[in-house]
Amino acid sequence: MNYFVGIDIGSVNSKIAVLNGRCAVVFSLTSPTNGKPIAVSRELIAQCEQLIGKEYSLTVTGSARDLVGKELHADIVKNEITCQALAADYYLPEASSVIEIGGQDSKLILLSNGFVENFSMNTVCAAGTGSFLEHQATRLGMPIEKFADIGSNSANPEKINARCTVFAESDMIHAQQSGACPSDIIFGLCLALARNFLSDTGKIGGIKPPVVFQGGVARNQAMVKAFTEVLGIEPFIPNQPELSGAMGAALIQIRNIKHNVSTVSSCIS
């Protein structure tokens, strides 16, 4: 088998990554899920097959992994924790902690020698996820890219309630009415998300460097700055961090073939 395909079906976006036997990425793509996981996964596969043909091994992960895995006759269906951990080990073999934040959920994974030692996921509150930032960017009348750029320039962030989206919005509106600088409002929101992540998902404790920040939110430089301030640790950001789940899914197949090695990192050395 020359190609290893991983698909990560997210609630907001779905991703595909294709690796060759040397663990090099030969194709990747992100597409909005739009509540149609089967349709989007079929489209991702169709575009993939235009490049590599139909001889490949397929692993599916993400929120709709069982449904999509069955529909696509996947070789492997795997949970997101394992896939995110494998991706972190691929990106940074010495990683000890993994922060992964997507559109609707967030995860903290603690690693020991490339293996999962402990993990936690967010509870019902959305204040620790990407949808929280998207919603606030919309309220401020700007795309999320501009939101991130402006927020990263803040020098005096506003204090925003970190525990609830409703209270956070109330604090943001109050700051706007008080004439606060947009960059300080935005970075205050990013700090709120980072603190909420630590108080909710990070309740298992044990975060230590090196920290890898994965998921689509890791593309937001204001969030990187916020986690650096809250943790006192500057996280490592992979190239295309939104692909981490799909990358980990594809890496599982390579690990299984090379079962005589203990970590993914050693298979690419």
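Look above for the structure.
For every chain, the first residue of its written sequence is number 1, and the numbers climb from 1 along that sequence. Confidence filtering applies because this is a predicted model: local features only for residues at pLDDT of at least 70, side-chain atom pairs given and counted only at 80 or more, and all residues used for totals across whole chains, interfaces and linings. Note: side-chain values were computed over all heavy atoms of the structure, leaving out hydrogens and water.

Trainee: Honestly, the overall build of the chain in this entry has me stumped. Any pointers?
Mentor: Strands are runs of DSSP state E lasting at least two residues, helices are runs of H or I lasting at least four, and both sets are numbered from the N terminus onward. A tally of regular secondary structure across the chain gives 10 helices and nine strands. Its C-alpha atoms give the chain a radius of gyration of 19 Å, near enough to 18 Å, the size a compact globule of 269 residues would have. Each of the three principal axes of the chain carries a C-alpha extent, and together these read 60 × 40 × 30 Å. Burial status follows relative accessibility: with a 1.4 Å probe on protein chains alone, a residue under 20% of its type maximum counts as buried, one over 50% as exposed, and anything between as partly exposed. Going through the 269 residues of the chain one by one, you find that 53% of them count as buried. Contacts between residues were defined by any pair of non-hydrogen atoms, one from each residue, lying within 4.5 Å. Pairs at least 24 apart in sequence give 67% of the contacts found in the chain among residues at least 6 apart. Computation of the radius of gyration draws on C-alpha atoms, with the globule rule given as 2.2 Å multiplied by the number of residues to the power 0.38.

Trainee: What's the story with the layout of surface pockets in this structure? I'm lost.
Mentor: Note on definitions: the grid is 1 Å and covers protein atoms alone; a cavity is a set of points where a 1.4 Å probe fits but cannot get out; a pocket is an open set with protein on both sides within 12 Å along at least five of seven lines; lining residues have an atom within 4 Å of a point. Grid points are joined across faces, edges and corners, and a volume is the space filled by probe spheres set on the points. Its volume calculated, the largest pocket comes out at about 770 Å³. Surrounding the largest pocket, 37 residues form its lining, Asn-13, Gly-102, Gly-103, Gly-216 and Val-217 being those nearest its centre. Elements with a contribution of two residues or more to the lining of the largest pocket: strand S1 (3-9), strand S2 (13-20), helix H3 (80-91), strand S6 (97-101), helix H4 (130-139), helix H5 (144-151) and helix H9 (244-257). Polar here means any residue other than Ala, Val, Leu, Ile, Met, Phe, Trp, Tyr, Cys and Pro, which are nonpolar, and Asp, Glu, Lys and Arg, which are charged; Gly is therefore polar. Of the residues in the lining of the largest pocket, the class split is eight nonpolar, 18 polar and 11 charged.

Trainee: Explain the packing of aromatic side chains here, please?
Mentor: Describing an aromatic ring pair means giving the distance of the ring centres and the angle of the ring planes. Stacked, edge-to-face and tilted labels apply to pairs of Phe, Tyr and Trp rings (six-membered ring for Trp) whose centres lie within 6.5 Å, assigned for plane angles under 30 degrees, over 60, and everything in between, in that order. Under the counting rule described, the total for this entry stands at three aromatic pairs. Seen in terms of ring centroids, Phe-197 and Phe-227 are 5.5 Å apart; in terms of plane orientation they differ by 90°. Their pairing is edge-to-face. Highlighted residues: Phe-197 in helix H7 (residues 182-199) and Phe-227 in helix H8 (residues 221-231), separated in sequence by 30 residues. Classification of Phe-197 by relative accessible area gives buried; the value is 1%. Taking relative accessible area as the criterion, Phe-227 reaches 0% and is therefore assigned buried. Chaining the aromatic ring pairs together yields one cluster made of Phe-197, Phe-213 and Phe-227. By definition here, charges over rings are those cases where NZ of Lys or CZ of Arg is within 6 Å of the ring centre and within 35 degrees of the ring normal. Across from the ring centre of Phe-187, 4.6 Å away, lies the NZ or CZ of Lys-225, which sits over that ring.

Trainee: Looking at this model, I keep getting lost on the packing of H7 against H8. Mind explaining?
Mentor: The geometry of a pair of packed helices is captured by two quantities: the angle between their axes and the separation between those axes. Inter-axis angles, ranging from 0 to 180 degrees, are taken between N-to-C directions of lines fitted to C-alpha atoms, where helices are fitted over the stretch in contact. With their axes 9 Å apart at the nearest point, H7 and H8 run at an angle of 55° to one another. Taken together, H7 and H8 sit at an angle that is classed as oblique. With respect to the hand of their crossing, H7 and H8 are arranged in right-handed fashion. Residues Phe-187, Cys-190, Leu-191, Leu-193, Ala-194, Arg-195, Phe-197 and Leu-198 of H7 lie in contact with H8, whose contacting residues are Ala-222, Met-223, Lys-225, Ala-226, Phe-227, Glu-229, Val-230 and Leu-231. Of the residues contributing to the contact of H7 with H8, the split by class is 13 nonpolar, no polar and three charged. In this scheme, roughly parallel covers angles under 35 degrees and roughly antiparallel covers those over 145, while 65 to 115 is roughly perpendicular and the rest are oblique. By convention the crossing between two helices is left-handed if the near helix lies anticlockwise of the far one by an angle smaller than a right angle, and right-handed if it lies clockwise.

Trainee: Would you explain the sheet that holds strand S5 (residues 76-77) in this entry?
Mentor: In sheet architecture, strand pairing relies on hydrogen bonds along the backbone and comes in two forms, parallel and antiparallel. Here a strand pair is declared whenever DSSP counts at least two bridges between the two strands. As summarised here, the arrangement of the five strands in space is S3-S2-S1-S4-S5, forming an open sheet in which the pairing is mixed. Two strands lie at the open edges of the sheet, namely strand S3 (25-32) and S5, each paired on one side alone. On the sheet, helix H1 (residues 37-52) packs against S1, S2, S3 and strand S4 (57-62) and is oriented at approximately 155° with respect to S3.

Trainee: Can you help me understand the side chain of Gln-84 in this one?
Mentor: Looking at where Gln-84 falls in the secondary structure, it is placed in helix H3. Accessibility expressed as a relative area gives 2% for Gln-84, which makes it buried. The residues touching Gln-84, leaving out its near neighbours within four places in the chain, are Glu-100, Ile-109, Gln-214, Ser-244 and Gly-245.

Trainee: Got a minute to help me understand the packing of H3 against H9 in this structure?
Mentor: Running from amino to carboxyl end, H3 crosses H9 at an angle of 85°, the nearest separation of the two axes being 7 Å. Taken together, H3 and H9 sit at an angle that is classed as roughly perpendicular. On H9, the residues that touch Thr-82, Cys-83, Gln-84, Leu-86, Ala-87, Tyr-90 and Tyr-91 of H3 are Ser-244, Gly-245, Met-247, Gly-248, Ala-249, Leu-251, Ile-252 and Arg-255. Residue composition of the contact of H3 with H9, by class: nine nonpolar, five polar and one charged.

Trainee: In this structure, what is going on with the pairing of S4? I would like to understand it.
Mentor: Remember that side chains alternate between the two faces of the sheet whenever the strand is regular. Burial of S4 is extensive: six of the six residues sit out of reach of the surface. The alternating pattern of S4 places Ser-57, Thr-59 and Thr-61 on one face and Leu-58, Val-60 and Gly-62 on the opposite face, and all of these are buried. Note: S1 against S4, six bridges, orientation parallel. Within the sheet, the bridge partner assigned to Val-5 lies in S4 and is Leu-58. Here two bridges tie S4 to S5, and the two strands are oriented parallel to one another. Looking across to S5, one finds that Thr-59 is bridged to Ile-76. Orient the strands so they point away from the viewer, and a crossover whose first-strand-to-second-strand path over the helix runs clockwise is right-handed. Note on the crossover from S4 through helix H2 (residues 65-72) to S5: the handedness is right-handed.

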